[in-house]
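# Coordinate analysis (summary)
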Amino acid sequence: MNNINLVRGLVLMAIALVFGLGSLNYQIGHFSRSGPGLFPLMVSCLLFLIGLISVVRSRFVKPVALNYNVKNIGFVLLGLCGFALISEHLNMIAGIVFLVFCVSFGGTSYSVLRNLKICAGLIAVAFAFRYLLGLQLPLF
């Protein structure tokens, strides 16, 4: 189990199963009149298929060693938790900025300009979700 390709496929399959089984709690409906559970079920089926392809492919390609870097995992977890707390108590734009700058400390290189570009892109997506899709996001 020291093959990153195999582990990647298994993790994708596990995530797909969790969301696919969760979508069964909602009404599926039909393709002509879909219910709220149809879209997550379809996406999780596609994700499961991608994971299955990755697992099968891992048997035919040269294994790549899997190594963990606890520091990087910590930065990602800190960024996600900070994003949730800052978005809840302050606003989502500040949460996005914290998330990007915190998670980028776990990367191989650090660039403030790149982080600002990523922040701008994610904030633009958040504004699109708010104003084009009508989601109630606490952006301000």
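For the structure itself, look to the data block above.
The sections below set out a description of the structure shown in this document. Everything numeric here is computed off the predicted structure, so don't read it as measured data. (Residues numbered from 1 in each chain as written. Predicted model: local features only at pLDDT ≥ 70, side-chain atom pairs only at ≥ 80, totals over all residues. Heavy atoms only, no water.)

## Regarding the overall build of the chain
If you tally the helices and strands in the chain, you get five helices and zero strands. Going from N to C terminus, the chain has its helices and strands arranged as α-α-α-α-α. Its C-alpha atoms give the chain principal-axis dimensions of about 45 × 45 × 20 Å. For the chain, with 140 residues in total, the buried portion stands at 26%. Summarising the internal contacts of the chain: among those between residues at least 6 apart in sequence, 51% fall at separations of at least 24. Working note: accessible area of the chain is about 9,900 Å², and carbon and sulfur atoms make up 73% of it. (Helix = DSSP H or I, 4+ residues; strand = E, 2+ residues; numbered from the N terminus. Buried < 20%, exposed > 50% of the residue type's maximum accessible area, 1.4 Å probe, protein only. Contact = heavy atoms within 4.5 Å. Areas by Shrake-Rupley, 256 points an atom, 1.4 Å probe, with all protein chains shown as cover.)

## Things to note about the layout of surface pockets
Volume-wise, the largest pocket comes out at about 180 Å³. Taken together, I4, V7, L66, N67, Y68, N69, N72 and I73 make up the full set of residues lining the largest pocket. Contributions of two or more residues to the lining of the largest pocket are made by α1 (4-23) and α3 (70-89). A per-class count over the lining of the largest pocket returns five nonpolar, three polar and no charged. (1 Å grid on protein atoms, 1.4 Å probe; cavity = no way out; pocket = protein on both sides within 12 Å on 5 of 7 lines; lining within 4 Å. Points joined across faces, edges and corners; volume = space filled by probe spheres on them. Nonpolar A, V, L, I, M, F, W, Y, C, P; charged D, E, K, R; others polar.)

## Structural notes on the packing of α1 against helix α2 (residues 38-58)
Here α1 crosses α2 at 160°, and the two axes come no closer than 8 Å. Between α1 and α2, the angle falls in the class roughly antiparallel. With respect to the hand of their crossing, α1 and α2 are arranged in left-handed fashion. Note on element contacts: α2 touches α1 through P40, L41, S44, L47, F48, I50, G51, L52, S54, V55, R57 and S58, opposite N5, L6, G9, L10, L12, M13, I15, A16, L17, F19, G20 and S23. Considering only residue class, the contact of α1 with α2 consists of 15 nonpolar, eight polar and one charged. (Axes fitted to C-alpha atoms, helices over the stretch in contact; angles between N-to-C directions. Parallel < 35°, antiparallel > 145°, perpendicular 65-115°, else oblique. Left-handed = near helix turned anticlockwise from the far one by under 90°.)

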